[in-house]
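Spelled out from the first residue to the last, the chains are:
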Amino acid sequence: MASAPSRRAPDLRPVLPKYSLVERERRWLVAQLPPLPAAHRRIEDRYIIGTRLRLRRITDSETGAVQHKLTRKYDSADPAARPIVTAYLEAAEHAVVAALPAHVITKRRHRLDGFSVDVFDGPLAGLVLAEREAADAASLAALPRPAWLGADVTQNPCYQGGHLAAHGLPET
């Protein structure tokens with residue numbers, strides 16, 4: 001005797017892009033810049049015009065080591081939890097993609113008490129953002145909040161890298 005067709009409800013969970021991970025992070029303006037360690041990573045981000053791609057060149061201030069990445073962050077209903085895919089590139093591959101038209105931002109990234117503190121250069125000079133990642137939503141919500149942090153801008157798309165690169169500093 002044939003079995004009856006399954007009447008399971010369809011799986012309505014969001015489907016993550018293949019090979020992506022969910023990056024859970026929060027961002028804050030830095031209200032009062034604490035003393036930062038001298039060691040930092042110099043970051044040049046190129047947001048490729050007409051795409052969601054970010055080409056990154058990272059230079060370690062102490063060793064001079066350089067790393068190249070190509071990243072795509074996907075839109076998400078929750079800006080604090082976005083799918084992300086990253087590929088590590090060779091210098092020659094980076095050079096090929098760097099020839100594409102892009103909006104560029106540069107910054108120095110310092111590590112302080114588990115936070116990444118980004119001090120921006122060029123047109124974004126004066127902007128200092130802190131960010132911190134967590135493994136899950138509960139841990140993200142429970143992150144400590146040092147006194148030097150200002151407003152939480154995680155939910156404000158004007159403080160996402162691509163928007164900053166294309167449009168500059170948000171109006172206060």
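Placed above this text is the structure.
A short tour of the structure in this document, coming up. No experiment lies behind these values; they were computed from the predicted model shown.

This brings us to the overall build of the chain. Broken down by element type, the chain carries three helices and nine strands. Mapped in sequence order, the helices and strands of the chain form the string β-β-β-β-β-α-β-β-β-α-β-α. The principal-axis extents of the C-alpha atoms in the chain amount to approximately 75 × 45 × 35 Å. Each of the 172 residues in the chain was classed as buried or not, and the buried ones make up 38%. A separation of at least 24 residues holds for 57% of the contacts in the chain among residues at least 6 apart in sequence. For the chain, the exposed surface amounts to about 10,500 Å²; the carbon and sulfur share of it is 56%. In the chain, 24 positive and 19 negative side-chain charges are present, and the distance between their average locations comes to 5 Å.

Here we come to the packing of aromatic side chains. Where two aromatic rings form a pair, the distance of their centres and the angle of their planes describe that pair. Applying the stated rule across the entire model yields two aromatic pairs. Plain terms: the ring middles of Trp28 and Phe115 are 5.6 Å apart, the flat faces sit at 70° to each other, and that makes the pair edge-to-face. Taken together, the residues span a long stretch of sequence, with Trp28 in strand 1 (residues 21-30) and Phe115 in strand 7 (residues 115-120) at a distance of 87 residues. Comparing Trp28 with Phe115, the two get one shared label, buried. Ring geometry for Phe115 against Trp148: centres 5.5 Å apart, planes inclined by 75°, an arrangement best described as edge-to-face. In this pair, Phe115 is assigned in strand 7 and Trp148 in the loop between helix 2 (137-141) and strand 9 (149-152), connecting sequence segments 33 residues apart. This pair shows no difference in class: Phe115 is buried, exactly as Trp148 is.

Of the pairings in the sheet, the one linking strand 2 (residues 41-48) to strand 3 (residues 53-60) comprises seven bridges and is antiparallel in character. When the bridges of strand 3 are listed, Glu44 appears paired with Arg57. Here strand 2 folds back onto strand 3, and the loop between the two strands holds four residues, one of which, Gly50, carries a positive phi near 85°.

Core analysis: the biggest nonpolar cluster contains 14 residues, and Val30, Phe115, Val117, Ala130, Trp148 and Leu149 have the highest contact counts within it. Secondary-structure elements contributing two or more residues to this core are strand 1, strand 7 and strand 8 (128-133). In terms of residue count, the dominant contributor to this core is strand 7 (three residues). When near neighbours in sequence (up to four residues on either side) are disregarded, Trp148 contacts Val30, Ala31, Gln32, Pro34, Leu112, Asp113, Phe115, Val117 and Ala130. Judged by nonpolar contacts, the second largest core, of 10 residues, contains Ile105, Phe120, Leu129 and Ala165.

Scoring rules and cut-offs
- Residues numbered from 1 in each chain as written.
- Predicted model: local features only at pLDDT ≥ 70, side-chain atom pairs only at ≥ 80, totals over all residues.
- Heavy atoms only, no water.
- Helix = DSSP H or I, 4+ residues; strand = E, 2+ residues; numbered from the N terminus.
- Buried < 20%, exposed > 50% of the residue type's maximum accessible area, 1.4 Å probe, protein only.
- Contact = heavy atoms within 4.5 Å.
- Areas by Shrake-Rupley, 256 points an atom, 1.4 Å probe, with all protein chains shown as cover.
- Lys, Arg positive; Asp, Glu negative; His and termini not counted.
- Charge placed at Lys NZ, Arg CZ, Asp CG, Glu CD.
- Phe/Tyr/Trp six-rings, centres within 6.5 Å; stacked < 30°, edge-to-face > 60°.
- Pairing = 2+ DSSP bridges.
- Core = buried A, V, L, I, M, F, W, Y, C linked by side-chain atoms within 4.5 Å.

Everything listed here is a matter of coordinates, which is why it stays silent on function.
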